[in-house]
There are 2 protein chains.
Amino acid sequence: MEVEQVLHMNGGDGKTSYANHSLLQRAVISTVKPIVDATIEELCSTLFPECLKIADLGCSSGPNTLLVVSDIIANIQNTFRKLNLPPPSLQAFLNDLPRNDFNTVFRSLPGFYNKLDEEHENKSGPCFIAAMPGSFYGRLFPDNSLHFVHSSYALMWISEVPKGLVTKGGEGLNKGNIYIAKTSSPAVFNEYFEQFKRDFTVFLRSRAQELVPGGSMVLTTMGSINSKDPLCIWEFVGLKLHDMVLDGLIEEEKLDTFNLPYYAPTTDEVKEVIEAEGSFTLQNLEVFRNDWDSYIKQANCGFDKNARAAVLSTDIRAVGEPILASQFGEEAMDDLFRRFEEDVLDHMEKEKCQFINLVISLTKKR
Amino acid sequence: MEVEQVLHMNGGDGKTSYANHSLLQRAVISTVKPIVDATIEELCSTLFPECLKIADLGCSSGPNTLLVVSDIIANIQNTFRKLNLPPPSLQAFLNDLPRNDFNTVFRSLPGFYNKLDEEHENKSGPCFIAAMPGSFYGRLFPDNSLHFVHSSYALMWISEVPKGLVTKGGEGLNKGNIYIAKTSSPAVFNEYFEQFKRDFTVFLRSRAQELVPGGSMVLTTMGSINSKDPLCIWEFVGLKLHDMVLDGLIEEEKLDTFNLPYYAPTTDEVKEVIEAEGSFTLQNLEVFRNDWDSYIKQANCGFDKNARAAVLSTDIRAVGEPILASQFGEEAMDDLFRRFEEDVLDHMEKEKCQFINLVISLTKKR
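Per chain, residue numbering runs from 1 following the sequence as it is written. Chains and ligands are labelled sequentially in the order written, the chains with letters from A and the ligands with numbers from 1. Residue-level local features of this predicted model are given only where pLDDT is at least 70; pairs of side-chain atoms are given and counted only at 80 or more, and the full residue set underlies all totals for whole chains, interfaces and linings. Water and hydrogen atoms were dropped before computing side-chain values, which therefore reflect all heavy atoms in the structure.

- As recorded in an unreviewed UniProt entry, chain A goes by Putative salicylate carboxymethyltransferase and comes from Rosa chinensis.

This is the structure in structure tokens:
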């Protein structure tokens, strides 16, 4: 499996599109906003850039894609009003893998620019939104060309499934699961952690070359409290796939040899890699949690249990469908997410099911 | 008609896609290559950029999109080998209107990067290919952020249909035609020329802000020898639409009120605008011509008249279909281009039918 070929959110704007199912991601961006705001204000009032150059890594496609840019523009305008200086121009690079649906993002740009002009009465500096397709596990930008890097809910997708999870003879090490689960062996934990270390190191090294000295990053990713705490939504999806194996709908071998290119590190693991890589000062590392369905409750206060399960199911489908369908077939997806929807809230009542989010705030050493 | 909404080449890679029908544009890029080469060599050995930043305006989607970038990389490598210096990195911005099919371009990038690595044995500097969707009749990039701007077969598409071509009462000034034709009145010529002057001035002013001092542009566009010489392929498409009006297949009013946002200037007109705008030194202005079907003869030496007409028809369709279909309906397109195919080479035998191309080479004054 080539991760670059199969990892992308559901494109377009249809029923199961990521564009229409990214409320969780929106809630997370909004929680992290004060940290981004403080970082941008600090950057502007120490570096005074003529043009603030930023990148959003793993931007995806949908209403959230331009949300961060739009928040940052408002922030720049406020900051420079306080400083009594004209606002800088902004060049924002939206990054995602080459199979992301950028066309849909681009089609929304003329409307976005019009709205900016109206909201800010032309008082913000000019804003230039470009796209940079490619993997962030490698170089994306020229040396010293960025002031700020943002990434939300993207870094948990690692560059490849750890190779050791399937032996050369084709035997799966993580049988019956698609990610670290309660039944996974220590070897599985280790394979995933080593891959995360390699990937996050490359990520940090690449960004260190691309950011100006003093430049900053705010990275939000899925985390875990400790590596022995496998309550991850993908474990639950794995259980449903396992049920389908028992029902003879999916070949056992297909499940046994499939693993997600995904890792939710602990705060200690994150710190360990940042210190070992050495280019960045860790400013802040926060953990916040939310129940799997709390963002749905928040957005739709009248929704009953069934309605929330339906939303959650489609939201997870919008994220996971392309990669899951590449292994189990498009035709298995309806059944899989029907099963997910049927059981997910019962599961939550039995186990403590939370998203654990890490916000990592870093500054490139001068 | 919002030009930004309807002007784009046929997307995807199907039978009538621009990607499969852009041999003419490829032939033109190849003719202009020595001029681009000389410009890049001059730029590199006077500005010695650490990262050469270039933009290709009106990049479209297909095999030509990355051709210029690929030529420039080879050129940089040669130039710096001669200078005995390590090559700079390259940041290339592909620009087109937001409805261009960028997804298809992005999907070809991993293969493109792999090929680069193989061809240059990792001896070229790193190459970062970004996209900047938006109209080049306005700002696209931050101040002083580019070294080189390239544009091929894009500038003849003006920002809007000249407003005066249809009176407030809804009467068409250029009845029966879709572009300047032999039967067009001086008022039609004038409306088009004034729109071109406004647009090209905005284009030059925008690029002057975006280019570093000493930065260069090579612009290839369709031209005419003088404004009284209306042998343009769109006049011929207009004749076929007129036949369809006579056959009752298209409403007369639809044709009378439709005009292409297109202008092929003369060399004198180009010079006039460049001098009046004042930011650039005109280094070179060349004209070269080719028969409508000469690029087809070149590429397919065995093709007879009928086969050439079929190719030419689909090639013109790949360029014109979205904008023509927005006025005359998708369902009229098969008939229109069948008529075009039937008559086009006969027409060429009666009249001298040539593409007239202008290559404009400019340097931003220091």
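Further notes follow.
### Re the interface of chain A and chain B
No. 1: Residue contacts are defined here by distance: any two heavy atoms, one from each residue, within 4.5 Å place the two residues in contact. The interface of chain A with chain B comprises 26 residues on the first partner and 26 residues on the second.
No. 2: Salt bridges are defined by distance alone: a side-chain nitrogen of Lys or Arg within 4 Å of a carboxyl oxygen of Asp or Glu. For the interface between chain A and chain B, the tally reads zero salt bridges.
No. 3: Counted as a polar contact is a pair of N or O atoms within 3.5 Å, where, for protein atoms, one must be capable of donating a hydrogen and the other of accepting one, and residues adjacent in sequence contribute only when both atoms are in side chains. In this assembly, chain A and chain B are joined by six residue pairs in polar contact (both at pLDDT 80 or more).
No. 4: Only DSSP runs of H or I reaching four residues or more are called helices, and only runs of E reaching two or more are called strands; each is numbered from the N terminus. Elements that contribute at least two residues to the side of chain A that touches chain B include exactly β2 (89–96), α4 (102–107), α5 (109–120) and β3 (127–133) of chain A.
No. 5: With six residues, the single largest contributor to the side of chain A that touches chain B is β3(A).
No. 6: When the residues that make up the side of chain A that touches chain B are grouped by side-chain class, the tally is 17 nonpolar, four polar and five charged. Only Asp, Glu, Lys and Arg are considered charged, only Ala, Val, Leu, Ile, Met, Phe, Trp, Tyr, Cys and Pro nonpolar, and every remaining residue, Gly among them, polar.

### Concerning the packing of aromatic side chains
No. 1: Centres within 6.5 Å make a pair out of two Phe, Tyr or Trp rings, where for Trp the six-membered ring is used; the pair is then stacked when the planes are under 30 degrees apart, edge-to-face when over 60, and tilted otherwise. Counted according to the given criterion, the structure contains 40 aromatic pairs over all chains.
No. 2: When the ring of F196(A) is compared with that of Y263(A), the centres are 5.3 Å apart and the planes differ by 35°; the resulting orientation is tilted. With F196(A) in helix α6 (residues 186–210) and Y263(A) in the loop between α8 (252–256) and α9 (267–277), this pair connects stretches of sequence that are 67 residues apart.
No. 3: Accessible area is worked out with a 1.4 Å probe on protein chains only. A residue is then buried under 20% of its type maximum, exposed over 50%, and partly exposed in between. Its relative accessible area of 5% is what places F196(A) among the buried residues.
No. 4: Accessibility expressed as a relative area gives 2% for Y263(A), which makes it buried.
No. 5: Measuring from centroid to centroid gives 6.1 Å for F102(B) and F106(B), while their planes differ by 40°, and the two rings are tilted. Of this pair, F102(B) and F106(B) are both found in helix α4 (residues 102–107), four residues apart, which corresponds to roughly one turn of the helix.
No. 6: Classification of F102(B) by relative accessible area gives buried; the value is 0%.
No. 7: Taken together, the ring pairs connect F136(A), Y137(A), W157(A), Y179(A), Y192(A), F193(A), F196(A), F200(A), F203(A), W234(A), Y262(A) and Y263(A) into an aromatic cluster.
No. 8: Lysine NZ or arginine CZ positioned within 6 Å of the ring centre and within 35 degrees of the ring normal marks a charge as sitting over the ring. Its guanidinium or amino end placed over the ring of F203(B), R207(B) lies 5.0 Å from that ring's centre, counting from NZ or CZ.

### Some thoughts on the nonpolar core
No. 1: By convention a nonpolar core is built from buried Ala, Val, Leu, Ile, Met, Phe, Trp, Tyr and Cys residues, the set being connected through side-chain atoms within 4.5 Å. In this structure, W234(A), L324(A), W234(B) and L324(B) are the most contacted members of the largest nonpolar core, which totals 233 residues.
No. 2: In contact with L324(A), other than residues within four places in its own chain, are I178(A), W234(A), V237(A), L241(A), F258(A), G329(A), M333(A), L336(A) and F337(A).

### Concerning the packing of helix α3 (residues 67–82) of chain A against α5(A)
Residue and element names in this part refer to chain A.
No. 1: Note on method: axes are straight lines fitted to C-alpha atoms, helices fitted across the in-contact stretch only, with angles between N-to-C directions ranging 0 to 180 degrees. Look at α3 against α5: their axes get within 12 Å of each other, and the N-to-C directions meet at 25°. The orientation of α3 relative to α5 falls into the category roughly parallel. Helix-helix and strand crossings are classified by hand; for α3 and α5 the assignment is right-handed. Contact residues: V69, S70, I73, A74 and Q77 in α3; F112, L116 and H120 in α5. An angle counts as roughly parallel when it lies under 35 degrees, as roughly antiparallel when it exceeds 145, as roughly perpendicular when it falls between 65 and 115, and as oblique in every other case. Note: crossing handedness is left-handed where the near helix turns anticlockwise from the far helix by less than a right angle, and right-handed where it turns clockwise.

### Here's the deal with the relation of the copies chain A and chain B
No. 1: Least-squares superposition aligns the copies on the C-alpha atoms of those residues with pLDDT at or above 70 in both. Rotating chain A by 180° and translating it 0.0 Å along the rotation axis places it on chain B, where the RMSD comes to 0.0 Å. The two molecules are tied by a two-fold rotation axis, judged by turn and shift. When each C-alpha of chain A is compared by its distance to the rotation axis, A131(A) comes out closest, at 2.5 Å.
No. 2: Mapped onto chain B, 100% of the interface residues of chain A are again interface residues, and the two copies thus contact each other with one and the same surface.

### Re a nonpolar patch on the surface
All names here are of chain A.
No. 1: Within the patch definition used here, like charges are joined within 9 Å and nonpolar side chains (Val, Leu, Ile, Met, Phe, Trp, Tyr) within 5 Å, considering only residues with over 30% relative accessible area and no salt bridge. Only the protein chains shown count as covering a residue, and every accessible area follows the Shrake-Rupley method with a 1.4 Å probe. Taken together, the side chains of F48, L83 and L85 present a nonpolar region at the surface, about 250 Å² in accessible area.
No. 2: Examined against the element boundaries, L83 turns out to sit in the loop between α3 and β2.
No. 3: For L83, a relative accessible area of 32% gives the class partly exposed.

### Quick notes on the pairing of strand β5 (residues 211–222) of chain A
All names here are of chain A.
No. 1: The element β5 is largely enclosed, with a buried count of eleven among its twelve residues.
No. 2: Following DSSP output, two strands are said to pair if at least two bridges run between them. By the bridge criterion, six bridges tie strand β4 (residues 146–152) to β5 in an arrangement that is parallel. Across the sheet, residue V149 finds its bridge partner in β5, namely M217.
No. 3: After leaving β4, the chain enters α6 and then returns to the sheet as β5, a path that is right-handed.
No. 4: Taken together, the seven bridges between β5 and strand β7 (residues 354–364) define a ladder with antiparallel strand orientation. Opposite M222, over in β7, you have N357 as the bridge partner. The path from the first strand over the helix to the second decides the hand: if it runs clockwise while the strands point away from the viewer, the crossover is right-handed.

### Some remarks on the side chain of H150(A)
Residue and element names in this part refer to chain A.
No. 1: Assignment of secondary structure puts H150 in strand β4.
No. 2: What makes H150 buried here is its relative accessible area of 4%.
No. 3: Polar side-chain contacts of H150 include one of 2.6 Å to the side chain of D56.
No. 4: Discounting residues that sit within four places of it in the chain, H150 has contacts with V36, A55, D56, L57, V68 and V218.

### Concerning the pattern of salt bridges
No. 1: This structure, assessed with the given rule, holds 38 salt bridges over all chains.
No. 2: Between K33(B) and D37(B) there is a salt bridge, with its nearest N and O atoms 3.0 Å apart. With K33(B) and D37(B) both in helix α2 (residues 23–47) and four residues apart, this pair spans about one turn of that helix.
No. 3: For K33(B), a relative accessible area of 31% puts it in the partly exposed group.
No. 4: Overlapping salt bridges bring together D247(A), D335(A), R338(A), R339(A) and E342(A) as one network.

### So, empty space enclosed by the protein
Residue and element names in this part refer to chain A.
No. 1: Grid spacing is 1 Å over the protein atoms alone, the probe is 1.4 Å, and a cavity is where that probe fits but cannot get out, while a pocket is an open set with protein on both sides within 12 Å along at least five of seven lines and lining residues have an atom within 4 Å of a point. Grid points are joined across faces, edges and corners, and a volume is the space filled by probe spheres set on the points. Evaluation of the coordinates by the stated rule reveals twelve cavities of 30 Å³ or more.
No. 2: Counted as a void, the second largest cavity has a volume near 100 Å³.
No. 3: Forming the boundary of the second largest cavity are twelve residues, of which I29, G58, C59, N64 and S152 lie nearest the centre.
No. 4: Looking at the lining of the second largest cavity, the elements that each hand over two or more residues are α2 (23–47) and β4.

### Focus: the side chain of N259(B)
Residues and elements named next belong to chain B.
No. 1: Locating N259 in the fold gives a position in the loop between α8 (252–256) and α9 (267–277).
No. 2: N259 sits in the buried class, given a relative accessible area of 2%.
No. 3: Polar contacts involving the side chain of N259 include one to the side chain of N174, which spans 3.0 Å.

### Let's talk about helix α5 (residues 109–120) of chain B
Residues lying three or four places apart along an α-helix face the same way, a consequence of the helix completing one turn every 3.6 residues.
No. 1: To estimate the expected span of a helix, count its residues, drop one, and scale the result by 1.5 Å. With twelve residues, α5(B) should reach 16 Å at 1.5 Å per residue; the first-to-last C-alpha distance of 16 Å fits that figure.
No. 2: Inspection of α5(B) places L109(B), F112(B), L116(B) and H120(B) among the buried residues, and these make up the whole buried set. Down the axis of α5(B), the buried set is contained in an arc of 55°. They therefore lie on one face. In α5(B), those exposed residues whose orientation departs by more than 90 degrees from the buried face are K115(B) and E118(B).
No. 3: Elements in contact with the buried residues of α5(B): β3 of chain A together with α3 (67–83), α4 and β3 (127–133) of chain B. As used here, the arc belongs to the directions running from the helix axis to the C-beta atoms.

### Side note on unusual backbone geometry
All names here are of chain B.
No. 1: Phi angles above zero are rare outside glycine, and N144 is one such case at about 50°.
No. 2: In this fold, N144 is placed in the loop between β3 and β4 (146–152).
No. 3: Residue classification places N144 among the partly exposed positions, given a relative accessible area of 43%.

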